[in-house]
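# Residue-level structure breakdown
The primary structure of each chain is shown beneath.
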Amino acid sequence: MRHGQPGAPQRSCRPALPRWPPWLPRRVPPPLPATESEARLAGIIRSSMEAIITVDEQQCVVLFNPMAETLLGWKAEEGLGRRLGDFIPAR
């Protein structure tokens, strides 16, 4: 299996953070976010027509929005905790 494909072994990356930030609604909305600004941000990220992938200081994916799932063909559960380089094709 080629590196970077779903199911391929992950390179050293700290353990994945919670699968999805609890304040960011996915398919089934959790309780409402604590603030209006968090709710607005969650809506923007969830409904964006752009893939949004957020990484931490070690370049590990901590947020993977629904459009990233669609465009990259990875489920958020597969992408979270992986290195950003896993999503960049080799030249």
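Structure shown above.
Because the structure is predicted, anything quoted here is derived from the model rather than measured. (Residues numbered from 1 in each chain as written. Predicted model: local features only at pLDDT ≥ 70, side-chain atom pairs only at ≥ 80, totals over all residues. Heavy atoms only, no water.)

Let us look at the side chain of serine 48. Summarising the element assignment, serine 48 is placed in the loop between helix H1 (36-47) and strand S1 (53-55). With a relative accessible area of 17%, serine 48 lands in the buried category. Looking at serine 48, its side chain comes within polar contact range of the main-chain nitrogen of glutamate 50, at 3.0 Å. Not counting the four nearest positions on each side in its chain, serine 48 is found in contact with Asn65 and Met67. (Helix = DSSP H or I, 4+ residues; strand = E, 2+ residues; numbered from the N terminus. Buried < 20%, exposed > 50% of the residue type's maximum accessible area, 1.4 Å probe, protein only. Polar contact = N/O pair within 3.5 Å; in protein donor to acceptor, adjacent residues only side chain to side chain. Contact = heavy atoms within 4.5 Å.)

Our focus in this paragraph is the environment of aspartate 86. Take aspartate 86: it is sitting in the segment after helix H3 (76-79). What makes aspartate 86 buried here is its relative accessible area of 7%. Linking aspartate 86 and valine 61, residues 25 residues apart in sequence, is a C-alpha distance of 9.9 Å. Engagement of the side chain of aspartate 86 in a polar contact is seen with the side chain of arginine 82, the distance being 3.2 Å.

Moving on: the pattern of salt bridges. Applying the stated rule across the entire model yields 2 salt bridges. With a closest N to O distance of 2.9 Å, arginine 40 and glutamate 36 form a salt bridge. Of this pair, arginine 40 and glutamate 36 both sit in helix H1, separated by 4 residues, roughly a single helical turn. Residue arginine 40 is classed as partly exposed on the basis of its relative accessible area, which comes to 47%. By relative accessible area, glutamate 36 is classed as exposed at 62%. (Salt bridge = Lys/Arg side-chain N within 4 Å of Asp/Glu carboxyl O.)

Honestly, that's just the spatial picture; any functional story needs more than this.
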